[in-house]
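Okay, here's what each chain looks like letter by letter:
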Amino acid sequence: MFKRISDVGPGSIEFEFEGQAVSAQVGDTVAAALLADGRIHFRDTPEKDRPRGPFCMMGVCFDCLVVIDGVPNRQACQVVAVPGMKVARQKGASAIGPDDGPIDAPTSGGAA
Ligand code: FES
């Protein structure tokens, strides 16, 4: 679906997504690396578990939320991939802080 303009770069690294190895160019964001690897499903919506993936690639839409090294609510389009990081899909709503429980999903309306 997405193709790099050029594979010529300063080198490559590897990280993990859903337990599988993903290659990235040095300096890639997590979202750019996953899209270049053909992966478009980054999270599931809180209300209906519908798949979502990056839309804006500039930190506005929040459709790229993933769990990185156990920390939820990370915007994959704003985080540079580093070797060995473990990335997972975000399933539904996640806690905001360590003492918070899951966020209650809205009960009506919206496109969730
Ligand atoms: S793709 Fe929109 S916030 Fe990341």
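Below or above, wherever it landed, is the structure these notes cover. Note that the coordinates shown come from a computational prediction; the quantities given were computed from them, not determined experimentally.

Overview of the environment of Asp49
So, point 1. Along the chain, Asp49 falls in the loop between β3 (43-44) and β4 (51-52).
So, point 2. Counting along the chain gives 43 residues from Asp49 to Gly92, while the straight-line C-alpha distance between them is 6.6 Å.

Some thoughts on the pairing of strand β2 (residues 20-25)
So, point 1. Bridge analysis of strand β1 (residues 12-17) against β2 gives six bridges, and the strand direction is antiparallel. Residue pairing in the sheet places Glu16 in a bridge with Ala21 of β2.

Notes on the pairing of strand β6 (residues 71-75)
So, point 1. With three bridges connecting them, strand β5 (residues 65-68) and β6 associate as antiparallel partners. From the neighbouring strand, Val66 faces β6, where its bridge partner is Arg74.

Rules of the game
- Numbers given to residues run from 1 along each chain, matching the order in which its sequence is written.
- Per-residue local features of the predicted model are confined to residues with pLDDT of at least 70, and side-chain atom pairs are confined, for both listing and counting, to 80 or more; whole-chain, interface and lining totals are unaffected and use all residues.
- The helix and strand labels rest on DSSP assignments: H or I over at least four residues marks a helix, E over at least two residues marks a strand, and numbering proceeds from the N terminus.
- Only strands joined by at least two bridges in the DSSP assignment are considered to pair.

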